[in-house]
Amino acid sequence: MGTAAMFVLGGLASTTFTDNFNNNVIGPVWDNGSIGGVNVSETNGRVQFTANGSTGALSAAGLAIEPWGANVNRDFQVEINSVINLSNVNGGKRVFLGFGFANEADAAIWPNDGAVLCAGVVQDQFGMAVGWVLLNNGVVVDSDTFPVTSTSGKITVEFDKSDDELKISRNGHTVTYTGFFTDFGQDNPTGPLVITLGCVTLSGNIAFSGNKVRLDNFEFNGFKRQR
Ligand SMILES: [Ca+2]
Ligand SMILES: [Ca+2]
């Protein structure tokens, strides 16, 4: 590598991207998608998720960042405010709210296809928890969570490449996913990590309105990689 290239590389700085969702229009940076009976909209100055009571084994909706993803060879951090306030998550049902991460090489953006790591807050019959759920082709293959009680809180996800750990925090509790680059980067280290703001429901029919499950004030800090 020559001197000129070194200079260019040295000039690259990490990027901050934010969205406060205040204009009630999903901006062009976001790719809006849904599976099953869950839907997403930018309403009331935030991202709201609704479920229509006809959700299946796995239903989901989300906003994926369309033009770029995170460079997973570098540290990155994402955060978002979350509210999940449901009283009807009974039986084996689970509702996840937060971030979805997938390597674009796996063509896995939505959680029914390939490996997707859901990092955020989960509610089930036992209550709420912060942590992660790993889905492979829509099936839960692993998870780790820690109980939280507050219906609202900022979800912060911090990736530290040096120890290959992804730390997911909410309400003062942190759960770690070890081997994030190993699992989502090293088989295609030049592929962008696709970042989705999402809601996933598991195991059966559930209904909720948009004021019950919502996100706001997204922030990304890291190095972008074009998709
Ligand atoms: Ca908007
Ligand atoms: Ca807002």
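Residues numbered from 1 in each chain as written. Chains lettered and ligands numbered in written order. Predicted model: local features only at pLDDT ≥ 70, side-chain atom pairs only at ≥ 80, totals over all residues.

Engineer: Sorry, what's going on with the overall build of the chain here?
Structural biologist: Broken down by element type, the chain carries two helices and 18 strands. Over its C-alpha trace the chain gives a radius of gyration of 17 Å, about what one expects of a compact globule, namely 17 Å for 227 residues. Based on the C-alpha atoms only, the size of the chain along its principal axes is roughly 60 × 35 × 30 Å. Looking at the 227 residues of the chain, the share that counts as buried comes to 41%. Considering only contacts within the chain whose residues lie at least 6 apart along the sequence, 66% involve residues at least 24 apart. (Helix = DSSP H or I, 4+ residues; strand = E, 2+ residues; numbered from the N terminus. Rg over C-alpha atoms; globule rule 2.2 N^0.38 Å. Buried ≥ 20, exposed ≤ 12 C-beta atoms within 10 Å, placed from the backbone. Contact = placed C-beta atoms within 7 Å.)

Engineer: Explain unusual backbone geometry here, please?
Structural biologist: Note on backbone geometry: most residues besides glycine have negative phi, and most peptide bonds are trans. Of note in this structure, F21 is not a glycine but carries a positive phi near 55°. With respect to the helices and strands, F21 occurs in the loop between strand 1 (15-19) and strand 2 (30-35). We note that N217 has phi near 60°; this positive angle belongs to a residue other than glycine. On the secondary structure map, N217 appears in strand 17 (residues 213-222).

Engineer: I keep staring at the nonpolar core and nothing clicks. Help me out?
Structural biologist: The tendency in soluble globular proteins is for nonpolar side chains to be buried as a group. Among the nonpolar cores identified, the biggest contains 61 residues, and F101, C118, A119, I195 and C199 are the most heavily contacted of them. In terms of residues, this core owes the most to one element, strand 15 (residues 193-202), which gives seven residues. If we ignore the near neighbours within four places in the chain, the residues touching A119 are G98, F99, F101, W132, V157, L166 and I168. (Core = buried A, V, L, I, M, F, W, Y, C linked by C-beta atoms within 7 Å.)

Engineer: Is there a simple way to explain the pairing of strand 14 (residues 173-178) in this structure?
Structural biologist: Across a regular strand the side chains alternate sides, sitting on one face of the sheet and then on the other. With six bridges connecting them, strand 13 (residues 165-170) and strand 14 associate as antiparallel partners. Residue I168 lies in a different strand from strand 14, and its bridge partner there is V175. In this antiparallel pair of consecutive strands, strand 13 and strand 14, the connection spans two residues, and N171 shows a positive phi of 55°. (Pairing = 2+ DSSP bridges.)

Engineer: I would appreciate a short explanation of the environment of G69 in the present structure.
Structural biologist: As for its placement among the helices and strands, G69 is situated in strand 6 (residues 68-70). The exposure class of G69 is buried, given the 26 C-beta atoms found within 10 Å. Put simply, G69 and L117 are 48 residues apart on the chain and 15 Å apart in space, counted from C-alpha to C-alpha. Once residues within four sequence positions are removed from consideration, G69 is found in contact with E104, P192, L193, V194, I195, R225 and R227.

Engineer: Looking at this structure, how should I read the confidence of the model for the chain?
Structural biologist: Detail in the predicted coordinates should be disregarded across regions flagged by low pLDDT. Put simply, the chain has an average pLDDT of 91, and 93% of its residues get 70 or more. Low pLDDT, under 50, characterises residues 1-11; the stretch is placed with one contact to residues that sit more than four places away or in other chains. (pLDDT = per-residue confidence, 0-100.)

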